[in-house]
Amino acid sequence: MKFDKPAGQNPIDQLKVVGKPTDRIEGPLKTTGTAKYAYEYNEEVTNPAYGYILGAAIARGTITRIDQAAAKAAPGVLAIVTAANAGPLQAGKFYVSRFLAGPQVDHYHQAVAIVVAETFEQARSAAALLKVEYKKQAGNYDLEASKEGAQPPNPGPYTPPGESRTGDFDGAFKTAEVKIDRSYSTPDQAHAMMEPHATIAKWEGDKLTCWCTIQQINWGVRDLAFILGIPKENVRLISAYIGGGFGGKGTVLSDLVAASLAARAAGRPVKLTLQRPLMFNNTIHRPKTIQRIRIGANPDGTITAIGHESWSGNLPGGMTESATASTRILYAGANRLTRLRLAVLHLAEGSAMRAPGEASGMMALEIAMDEMAEKLQMDPVEFRIKNDTQEDPEKPGRKFSTRKLVECLREGAKKSGWERRNAKPGAIKEGDWLIGMGVAAAMRGAPITKSAARVRLDSNGRITVETDMTDIGTGTYTIIAQTAAEMMGVGIDQVQVKLGDSSFPESSGSGGQWGAASSTSGVYAACIKLREAVAGKLGFDVEKARFSDGRIILGDKSAALIEAAKGGELVAEDTMTYGELSKEYAQDTFGAHFVEVGVNAFTYEIRVRRMLAVCHAGRILNPKAARSQIIGAMTMGVGAALMEEMVVDKKVGFFVNHDLAGYEVPVHADIPHQEVILLEDLDPTMSPMKAKGIGELGIVGVAAAVANAVYNATGIRIRDYPVTLDKLLRVV
Amino acid sequence: MNPFQFTRANTTQAAVSAVSKETGAYFLAGGTNLIDLVKREVIIPERLVDINRLPLATIEETASGIRIGAMAKNSAVADHPLIKKHFPLLSMALNAGASAQLRNMATVGGNMMQRTRCPYFYDHSMPCNKRSPVQSGPFKGQLNGPAGCGAIGGVNRMHAIFGTSEKCIAVHPSDMCIALAALDATVNVTGPKGNRSIPFAEFHRLPGDAPQKDNTLLPGELILSVDVPKNEMSKYSHYLKVRDRASYAFALVSVGVAADMKGKTIQDIRLAMGGVAHKPWRLAEAEVYLKGKEATLENFKQAATLAMQGAKGYGENDFKLTLAPNAIIEALQIATQTV
Amino acid sequence: MENENNAGEPESTGASRRAFLKQSSALAAFALTPPAAVHAVERGLDEKVAVAFEQQPLRVEINGVAQQLSVEPRVTLLDLLREQLNLTGTKKGCDHGQCGACTVHVDGQRVNSCLTLALTTEGSKVTTIEGLGSVDKLHPMQEAFIKHDGFQCGYCTPGQIMSAVACINEGHANSPDEVREYMSGNICRCGAYANIVEAIMEVKSKGGRI
């Protein structure tokens, strides 16, 4: 099915099942520990060997020698894989990392060897017996120092052009009556999902099956086949449950490659998981940015010039962090400039993490907006509203499909008690605690992409949906079940959903906030076909019939669905594809965050006291799961604001705090009660579902709202994240 | 994690004997730090001697105070009525540490033995003078991993500002020990040469030229109990732990205060700091200064200034030169209820 | 009590291994390896000969079932559960006591199974998420987590639930703030904290030990 004109009324609009705050259908499995994650297929793979990765001990250089004698002689060891015996390996098509070092080492903890042994304990201890000799080479580890040589990135599917200009930014900024010119930085951040990357790989002849934990099954098949140099048809990936991703498990990373190589070398299925302390320097992360923002305005608050430049670094050929994305479209202003520059750094690969580009960029832009509002002596909510735009500021005439940023800000201001905020920083004190409030806007693109599904109606009248879509905690199982139930007119308990298997039809996968809207649209398309099949079988006009209460009904005539499957299961499959509506309309999601913090007047510890998000993101398929996505993203935003930083040792060239004690993410005690308001919205330009993604929107702007609240509490403006007490104390 | 032998000890004599006759043998109590270090091959044991069955978990009142068995779990001590009544500072400090799960595992003795959390110490590809020399074999005495100090001139936001050496600027990570240092505890140990008692202030040591030694225990010595003398300072006490996240994190700086007040006058006071040195850092001069003085912000500021004499930053941790005195003032205000 | 025949003396299987070790002439072959590695390899080589010495008996009750096992000293309770007993509900998140995903109850107390050597649980009663409730018979805490959407990806969830049950039974669930503090050893990167606290407070409000 091709979607190329705005959706009209369709069966989803009944909202008998869709739009309801349904409990997650996989809840009983997850809460009882019976949902199976990658490393847990003990029944399917009964005699596995265990793989363990030894990471490089240097940041950059060459391996001159690996003495394997001791490791080989260690008990239980079955095989040792290094670049010398792994055979030719490519990098994947999304990440640039090479998954096995040798002879050159590209970054710290890049896999040097994989040891395979009978038990996990044996593999781990034998890996420690490998003696690796290196020749070190100097590298760049310092973005600040590498800024000068940074180049415009090569545009690609996930990288915008290095520069965008509208009007005459330089002239307008120069002559602006009120202006700011500020630098900001965001640090390297880790996804730190709870389930480490893990794979069980099993070869049967030249066919490879991997139980793994990746968000994009289709990319995974493509990449693993390419990396290993085998046909795609020979690769099957299964990721039924994924213990968190946030972009950190987009496609193939070292665990999949290492387990596959190890299983081939050992002639046995191999289980392999990345040890937590390896993950930070071995896999991918959200890269550090340095950003410069210039805003010029008239005294009435009208923005006349807005410029945003961002520098990030990566391994050669790696992606840039497109931190300027939101600035191109969020606020009005006739004269605009954005610029991206990419330096070569020899740290682990930077890549996508929840709202890539937008999250980083809005951490800076939304502080800049706060600074500008203060300079204009305007309320920061009003300043943002003043500069709202209902069309793409780079392409006048191109409307937003839906955009209620102003409503988000107004509703949030009302519900958060914004009027109680004292515009003068440092003015409110409770005991030894300084109290402040902050606001930030949120926006995140609403991409949608082709997605397929297969739907079965069996002789018991049950519906089964199969798609290689993944549920990384987003609620996909549930919204897909809701979609199929709505379309087929059955209760949700009549629907079974099977996900995360590359033998199922190819879906959008989970990433870029496109998963919910895309995958349910694919299910919609397949259900339309199944409705046709049912109607055909039972002699109904599908255009006029409705599906309700397990029956197909037209006028006085009705029949149970089960009748259609009497002679055998009915199976329908389709792919939803898209026309040009996303070019015609700017399709985005919007929101506003309001945060109250307390800052201790002596220690400058920062504690978040209240949080509110107002979001506008198309039809909400399941308000319960959507709210959870938002509070989770708000929590991650608090981490980004106050604690998360992969700290670089610039002499050695590695992330020093490479475990979950060193890399702090928020714990229960950091997070107060959180409120979420989901504004009503239907976006018929997206798909028949009229829905958009929401999981990434929730993080965008949170950190800035916290930083602005800290400023409001203390009068100290921190422009380098995370906002920690040492930075405040330095100013005091 | 290398293969090692596992021995379950049923008596303290057997435990001491097993550990002292073999280099590379370690007592295994709660294991919350030791197993972590063994997994990372920072410690490579020959043998772990499980002392969890030893009858050393009693918490009891003695003539002069409370005796806490070395094997008492951190959670049991924190929630014990005697501790809450007499030493709320100790209870607060314990509850500020780690997580509920870890406190259920960790013992008083083990807590005293925990190693620094310096990231260079934990990553044996990185230079560190603190990692113990290999205990046996042809390379006995050599370090596991390169020598040097990654933190000096490296990433050192968490590191010490007092009592550092050219070899090591790591900090002792315990919260409990800050309280025990403030409360003038005594450590009772047994060993191959019999029993002895060590004043708490002498239990942990500064790094000097031997940063691999955290404390003054002799080889094979086992902690039996800790004696905490009674005092009149239970009403006015506070443990302030400053960190980036609100819980489940090590201190950037912590301050333990216990005071005896008469009206607004400080009759007697104990002060110790964590996160600033290789051992719990007792603030003797500040204590002397405050004794007999009124609990006022001005006096607290002066005490904090005295406490900071000799402090030295290493770059990223320079902020502790400001944070520590502020934390002292804040902790004093809370403890003396003068906020 | 274990080790009755040997009361007062540590139970040991190492003596003959060490004797063997001292005779080992293999050390010279590893002169180039770092000291730590040599240290381990001398033992490793020894291992091949002495593999029979490696495992020790373990009697432990897991989810009400008495188990007589034989495990290597270095095997953690977490790996024993997941890799040998197929009790994969207990999760490995960090393996270093830094996340709480591996939380189980040992003799009613919540602990991190990743830092618990299996052999130290001799004679204990271990309860894992599988022992708390099942899909057909959910524990009230499991029901409350579903109702309040106290999870997303589900990977930290068994640990959160085991910790939540203990939190109430310990008497540390008297207010949302107390719950937040006493649940802080269980990290949820999906950020379901606010919902988890609501689930716990609801179960707590019904009263009693759970």
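Residues numbered from 1 in each chain as written. Chains lettered and ligands numbered in written order. Predicted model: local features only at pLDDT ≥ 70, side-chain atom pairs only at ≥ 80, totals over all residues.

Q: I keep staring at the overall build of chain A and nothing clicks. Help me out?
A: A tally of regular secondary structure across chain A gives 18 helices and 30 strands. By principal-axis analysis of the C-alpha atoms, chain A measures approximately 80 × 75 × 50 Å. Across chain A, the fraction of contacts at a sequence separation of at least 24, relative to all contacts at a separation of at least 6, is 82%. (Helix = DSSP H or I, 4+ residues; strand = E, 2+ residues; numbered from the N terminus. Contact = placed C-beta atoms within 7 Å.)

Q: What exactly am I supposed to notice about the overall build of chain C here?
A: From N to C terminus, chain C includes nine helices and five strands. Put simply, chain C runs from its N terminus to its C terminus through helices and strands in the order α-α-α-β-β-α-β-β-β-α-α-α-α-α. Counting all 210 residues of chain C, 60% fall into the buried class. Within chain C, contacts between residues separated by at least 24 positions form 56% of all contacts whose residues are at least 6 apart in sequence. (Buried ≥ 20, exposed ≤ 12 C-beta atoms within 10 Å, placed from the backbone.)

Q: Just to check I follow, could you spell out the sheet that holds strand β16 (residues 335–344) of chain A for this structure?
A: All names here are of chain A. Spatially, five strands are ordered β8-β16-β15-β14-β9 in an open sheet, and the strand pairing comes out mixed. Edge positions in the open sheet fall to β8 (163–166) and β9 (178–186), since each of these has one partner strand only. Pairwise comparison of adjacent strand axes, ignoring direction, gives a mean angle of 10° for this sheet. Alignment of β8 against β16, held across four bridges, turns out to be antiparallel. (Pairing = 2+ DSSP bridges. Axes fitted to C-alpha atoms, helices over the stretch in contact; angles between N-to-C directions.)

Q: Honestly, the interface of chain C and chain A in this entry has me stumped. Any pointers?
A: It is common to report an interface's size as the accessible area lost on association of the parts. Tallying the contact residues gives 61 residues for chain C and 57 residues for chain A. Among the elements of the structure, α2 (35–49), α4 (77–84), α5 (129–132), α6 (140–147), α7 (157–170), α8 (176–182) and α9 (193–205) of chain C are those that each provide at least two residues to the side of chain C that touches chain A. The element best represented in the side of chain C that touches chain A is α2(C), accounting for seven residues. Residue classes in the side of chain C that touches chain A are distributed as 30 nonpolar, 18 polar and 13 charged. (Nonpolar A, V, L, I, M, F, W, Y, C, P; charged D, E, K, R; others polar.)

Q: Hey, could you run me through unusual backbone geometry in this one?
A: All names here are of chain A. Of the consecutive residues G102 and P103, the connecting peptide bond is found in the cis state with omega at -10°. As for its position among the elements, P103 is in the loop between β4 (77–82) and β5 (104–105). The omega torsion of the bond from Y721 to P722 falls at -5°, within 30 degrees of zero and hence cis. Structurally, P722 is set in the loop between α17 (702–714) and α18 (725–731). Here A355, not a glycine, exhibits a phi torsion of approximately 55°, which is positive. Inspection of the secondary structure puts A355 in the loop between β16 and α9 (358–376).

Q: Is there a simple way to explain the nonpolar core in this structure?
A: A general trend in soluble globular proteins is that nonpolar side chains are found buried together. In terms of nonpolar packing, the biggest core is built from 443 residues, with A:V115, A:V116, A:A262, A:A484 and A:V706 touching the most fellow members. Beyond its immediate sequence surroundings of up to four residues, A:A262 is in contact with A:G51, A:A79, A:V81, A:I114, A:V116, A:V270 and A:L272. (Core = buried A, V, L, I, M, F, W, Y, C linked by C-beta atoms within 7 Å.)

Q: Would you mind showing me how to read the sheet that holds strand β12 (residues 281–282) of chain B here?
A: Residues and elements named next belong to chain B. The strand order across the open sheet built from four strands is β9-β10-β11-β12, with neighbouring strands paired in antiparallel fashion. A single partner strand is all that each edge strand has here, and the edge strands are β9 (236–242) and β12. Alignment of β9 against strand β10 (residues 253–262), held across seven bridges, turns out to be antiparallel. If you follow V242 over to β10, its bridge partner there is V253. Relative to β9, helix α5 (residues 88–96) is tilted by about 15°, and along the sheet it contacts β9 and β10.

Q: Would you take a moment to explain the environment of C:V60 for this structure?
A: Residue and element names in this part refer to chain C. Counting through the fold element by element, V60 comes out in strand β1 (residues 56–62). Here the alpha-carbon distance between V60 and E122, two residues 62 residues apart in the chain, equals 5.4 Å. In contact with V60, not counting residues within four places along its chain, are Q67, T121, E122, S124 and V126.

Q: Is there a simple way to explain the domain arrangement of chain A in this structure?
A: All names here are of chain A. For chain A, the assigned domains are domain 1 (2–35 + 448–583), domain 2 (38–138 + 193–282) and domain 3 (393–446 + 587–732). Placing the centre of domain 1 and that of domain 3 at their C-alpha centroids yields a distance of 34 Å. Listed per partner, the contact involves 28 residues of domain 1 and 25 residues of domain 3. Those elements that place two or more of their residues in the side of domain 1 that touches domain 3 are α12 (476–488), α13 (515–538) and α15 (581–584). For the side of domain 1 that touches domain 3, the per-class residue count stands at 14 nonpolar, twelve polar and two charged. (Domains from an automatic or database assignment.)

Q: How do you make sense of the packing of helix α16 (residues 623–642) of chain A against α17(A) when you look at a structure like this?
A: Each pair of packed helices can be summarised by the angle the axes make with each other and by the distance between the axes. Residue and element names in this part refer to chain A. Closest axis-to-axis distance for the α16/α17 pair is 7 Å, and the angle between their directions is 55°. Taken as axis vectors, α16 and α17 run oblique relative to one another. Remark: the crossing between α16 and α17 carries right-handed chirality. When α16 is examined against α17, the residues M634, G637, V638, A640, A641 and L642 are found in contact with a partner set consisting of V702, A703, V706 and A707. Looking at the contact of α16 with α17, its residues break down into nine nonpolar, one polar and no charged. (Parallel < 35°, antiparallel > 145°, perpendicular 65-115°, else oblique. Left-handed = near helix turned anticlockwise from the far one by under 90°.)

Q: Quick question: what am I supposed to make of the packing of α6(C) against α9(C) here?
A: Residue and element names in this part refer to chain C. Orientation of α6 relative to α9, taken along the N-to-C sense of each, is 135°, at an axis distance of 8 Å. For the element pair α6 / α9, the angle class is oblique. Crossing hand, α6 versus α9: right-handed. Across from P140, M141, A144, F145 and K147 in α6, the residues of α9 making contact are A199, E202 and V203.

Q: Before we go on, may I ask you to explain the environment of C:G93 in this structure?
A: Take C:G93: it is sitting in the loop between α4 and β3 (103–106). Residue classification places C:G93 among the buried residues on the basis of 29 C-beta atoms within 10 Å. Between the C-alpha atom of C:G93 and that of C:C156, which follows or precedes it by 63 residues, the distance is 7.7 Å. Non-local contacts of C:G93, meaning those with residues more than four positions away in its chain, are made with A:M194, C:C99, C:A101, C:C102, C:Y155 and C:C156.

Q: In this structure, what is going on with α13(A)? I would like to understand it.
A: Note: α-helices contain 3.6 residues per turn, so residues at a spacing of three or four share the same orientation. All names here are of chain A. Here α13 contains 24 residues, and its C-alpha end-to-end distance of 34 Å stays within 8% of the 34 Å for a straight helix at 1.5 Å per residue. For α13, the buried fraction is high: 18 of the 24 residues fall into the buried class. Of the residues one or two after α13, G539 is the one with positive phi, at around 75°. (Expected span 1.5 Å × (residues − 1).)

Q: Is there a simple way to think about the pairing of strand β26 (residues 588–600) of chain A in this case?
A: Side chains on a regular strand alternate between the two faces of the sheet. Residue and element names in this part refer to chain A. Most of β26 sits out of view: 13 of its 13 residues are buried. Two strands pair when backbone bridges link them, and strand β18 (residues 433–445) and β26 are joined in this way by 13 bridges, in the antiparallel orientation. Among the inter-strand pairings, I435 is bridged to a residue of β26, identified as G598. With ten bridges connecting them, β26 and strand β27 (residues 606–616) associate as antiparallel partners. Bridge assignment links H593 to a residue of β27, and that residue is A613. In textbook terms, the turn of a hairpin is the stretch between consecutive antiparallel strands, and for β26 and β27 this stretch comprises five residues, one of which, Y604, has a positive phi near 60°.

Q: I keep staring at the pairing of strand β2 (residues 49–55) of chain A and nothing clicks. Help me out?
A: All names here are of chain A. Extensive coverage of β2 is indicated by the burial of seven of its seven residues. Burial along β2 is two-sided: A49, G51, I53 and G55 facing one way and Y50, Y52 and L54 facing the other are all buried. Looking at chain direction, β2 and strand β13 (residues 270–273) are connected through three bridges and run parallel. Residue pairing in the sheet places A49 in a bridge with V270 of β13. Of the strand pairs in this sheet, β2 and strand β6 (residues 111–117) are connected by six bridges, and their pairing is antiparallel. Bridge pairing in β6 places G51 opposite V116.

Q: What is the right way to read the environment of B:V42 from this model?
A: Residue and element names in this part refer to chain B. Within the secondary structure, V42 sits in the loop between α2 (34–39) and β3 (47–50). Residues V42 and N144 lie 102 residues apart in sequence; the distance between their C-alpha atoms is 7.1 Å. Those residues in contact with V42 that lie beyond four places of it in its chain are L37, F121, Y122, H124 and R131.

Q: How should helix α7 (residues 254–266) of chain A be read in this particular structure?
A: Residue and element names in this part refer to chain A. Here α7 spans 18 Å end to end across 13 residues, near enough to the 18 Å set by a 1.5 Å rise per residue. With twelve of 13 residues buried, α7 lies mostly within the body of the structure. For α7, the full list of buried residues reads S254, D255, L256, V257, A258, A259, S260, L261, A262, A263, A265 and A266.

Q: Hey, could you run me through the confidence of the model for chain C in this one?
A: Interpretation of the predicted coordinates at a detailed level should be avoided for regions scoring low in pLDDT. All names here are of chain C. Mean pLDDT over chain C works out to 82, with 75% of the residues at or above the 70 mark. pLDDT under 50 marks residues 1–52. Its contacts with residues more than four places away, or in other chains, come to 97 contacts. The ipTM, which scores confidence in the relative placement of chains, is 0.98 for this predicted complex, and the corresponding pTM is 0.96. (pLDDT = per-residue confidence, 0-100.)

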